[in-house]
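# Examining the three-dimensional arrangement
Given next are the chains, with one letter for each unit.
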Amino acid sequence: MSARQAVSQRRARRGVAVLTALLLVALATTIVSSLFWQQQVQIRSIENQRLRLQTKWIMLGALDWTQLILREDLKASPTIDHYGEVWATTLQETRINNFNERDKNSKHDDEPEAVLQGRVTDAQARYNLANLATDGKLSKDELQVFLRLLENLQINPSLARATAQAVAQSQRQPQQAGDPGKGQDAGKGGDPGKGAEPGKGAEPGKGPDPGKGVDDGKGPKAGDLQAVERGEKEPVSFNYVEDLLSIPGYTPEILAKLREHVIFLPRIGNSITPINVNTATPEVLAARIPGLGLSLAKALAADVKRGVYFKDIPDFRARRQDIQIPDTPGLATASNFFIVYGKVSVEQRATLESLTLIERGQHLPNGARIIWFREL
């Protein structure tokens, strides 16, 4: 072998070695980059989960705060509730960090910026659809109230009877399950008394599910199987307004008209849930009081907004002698149920919007409790 050939072979081997080294470096770089990318994704995922969890706990704290306000209002004015009270004050966008004691002296860049806003409305300003039936039997008087409400809202009045029948059927569901002695109250699915109570480890979104009836986890009951054999549909548990879509004739457009005027609330025994004349919408007020008329109801609601609220129903009758007010338990000036809308944002990366139904009353051990919690 000549010297020239030997030099050529050595150069070729060096070229292969360099190429191999470059390929190994490229492969190692790709592997390391992939590992770093996966680690970054995991870190980002953990951060998002942390922020999401923070929004839930902030919301729980806000609900605790709301219940405290409602309890204090009950002590101050047990017979009156109107939108001029403290509980009805809208909470505009507020930085939670501003309430941190450390922020007064120094700035901490590592603290996430949390923003909270919300408002409370009276659930008894709306008509409780659970009033339409009691123990599975239609109420003729309440059916007429709902019929007038549909007419005031220019909605097909034939839906009134269909709705009442569906509500009555849902109330008969526990009895069909073979437990007639434990029928649920109208409008109640399950036991709201076992709902999430902030401060006891409750987590939003995993609280009570009023939609679940009595169930021992052992499969279909004998009554359910008999209903299936007869070709009957399984009754729907009505807990939210959206459940009305299960009734033939309801559409999203009808629901949009009806949403601010009706609700499903738990009932205490067989007593109907009254509407609050200090907060009720004109359409609901006109439906509850026959002969009132929608125009007069709007004028009455406008007076209440200006601060002319009523202390009790006798006061309502005495000051509105121009209205023939029937002697009915369907009217009140105070409320036991409230709807809370809340929104929490943390670092503009995690946002939680929710609706919560809170019951308040002296009959409750803690004065207030959460019936249901829904993420929007």
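The structure contained in this document is the topic of the report that follows. Here the structure is a predicted model, which means the values were calculated and not measured.

Conventions we followed
- Residues numbered from 1 in each chain as written.
- Predicted model: local features only at pLDDT ≥ 70, side-chain atom pairs only at ≥ 80, totals over all residues.
- Heavy atoms only, no water.
- Patch = residues over 30% accessible without salt bridge, like charges linked within 9 Å, V, L, I, M, F, W, Y side chains within 5 Å.
- Areas by Shrake-Rupley, 256 points an atom, 1.4 Å probe, with all protein chains shown as cover.
- Salt bridge = Lys/Arg side-chain N within 4 Å of Asp/Glu carboxyl O.
- Lys, Arg positive; Asp, Glu negative; His and termini not counted.
- Charge placed at Lys NZ, Arg CZ, Asp CG, Glu CD.
- Helix = DSSP H or I, 4+ residues; strand = E, 2+ residues; numbered from the N terminus.
- Buried < 20%, exposed > 50% of the residue type's maximum accessible area, 1.4 Å probe, protein only.
- Polar contact = N/O pair within 3.5 Å; in protein donor to acceptor, adjacent residues only side chain to side chain.
- Contact = heavy atoms within 4.5 Å.
- Pairing = 2+ DSSP bridges.
- Axes fitted to C-alpha atoms, helices over the stretch in contact; angles between N-to-C directions.
- Expected span 1.5 Å × (residues − 1).
- Arc of directions from axis to C-beta.
- Phe/Tyr/Trp six-rings, centres within 6.5 Å; stacked < 30°, edge-to-face > 60°.

A cluster of basic residues, Arg10, Arg11, Arg13 and Arg14, forms a positive patch at the surface. On the secondary structure map, Arg10 appears in helix H1 (residues 3-76).

By the definition in use, this model includes 16 salt bridges. For Glu47, the salt bridge goes to Arg349, with nearest N and O atoms at 3.5 Å. Remark: Arg349 occurs in the loop between strand E9 (337-346) and strand E10 (350-360) and Glu47 occurs in helix H1; sequence separation between them is 302 residues. In this structure, Glu359 engages Arg369 in a salt bridge whose closest nitrogen and oxygen atoms are separated by 2.7 Å. Here the residue Glu359 occupies a position in strand E10, and Arg369 occupies one in strand E11 (residues 368-375), the gap between them amounting to 10 residues.

The next thing to look at is the side chain of Thr163. Residue position: Thr163 is located in helix H3 (residues 159-171). Thr163 gets classed as buried once you look at its relative accessible area, which sits at 0%. A distance of 2.6 Å separates a polar atom in the side chain of Thr163 from the backbone oxygen of Leu159. Residue contacts for Thr163: discarding those within four places in its chain leaves Leu132, Phe146, Leu244, Ile247 and Tyr250.

Attention now moves to the sheet that holds strand E1 (residues 91-95). Here we have five strands laid out as an open sheet, ordered E1-E2-E9-E10-E11, and antiparallel in their pairing. Only two strands of the sheet have a single neighbouring strand rather than two, namely E1 and E11. Neighbour-to-neighbour, the strand axes of this sheet turn through a mean angle of 20°, independent of strand direction. Sheet analysis places E10 next to E11, joined by seven bridges and oriented antiparallel. Note on E11: the bridge partner recorded for Leu357 is Trp372.

This brings us to unusual backbone geometry. In the Ramachandran plot, Asp135 falls in the positive-phi region, its phi being about 55° despite a non-glycine side chain. The backbone of Gln154 shows a phi angle near 60°, a positive value even though the residue is not glycine. Structurally, Gln154 is set in the loop between helix H2 (140-152) and H3. Its relative accessible area of 69% is what places Gln154 among the exposed residues.

The terminal C-alpha atoms of H2 lie 19 Å apart, and with 13 residues this matches the ideal 18 Å at 1.5 Å per residue to within 8%. Three or more residues of H2 are buried, namely Glu142, Leu143, Val145, Phe146, Leu149 and Leu150. One face of H2 carries all of its buried residues, which in axial projection span an arc of 160°. Turned more than 90 degrees off the buried face of H2, the exposed positions are Lys140 and Asp141. Against the buried residues of H2 lie strand E3 (127-128), H3, helix H6 (252-258), strand E6 (262-263) and helix H7 (282-288). Positive phi shows up at Gln154, right after H2, with a value of about 60°.

This paragraph deals with the packing of aromatic side chains. Under the counting rule described, the total for this entry stands at six aromatic pairs. Both rings, one in Trp87 and one in Phe338, keep their centres 5.0 Å apart while their planes meet at 70°; by these two values the pair is edge-to-face. Taken as a pair, Trp87 in the loop between H1 and E1 and Phe338 in strand E9 lie far apart in primary sequence, 251 residues in all. For the pair shown, Trp87 and Phe338 are each scored as buried. Ring geometry for Phe238 against Phe264: centres 5.5 Å apart, planes inclined by 20°, an arrangement best described as stacked.

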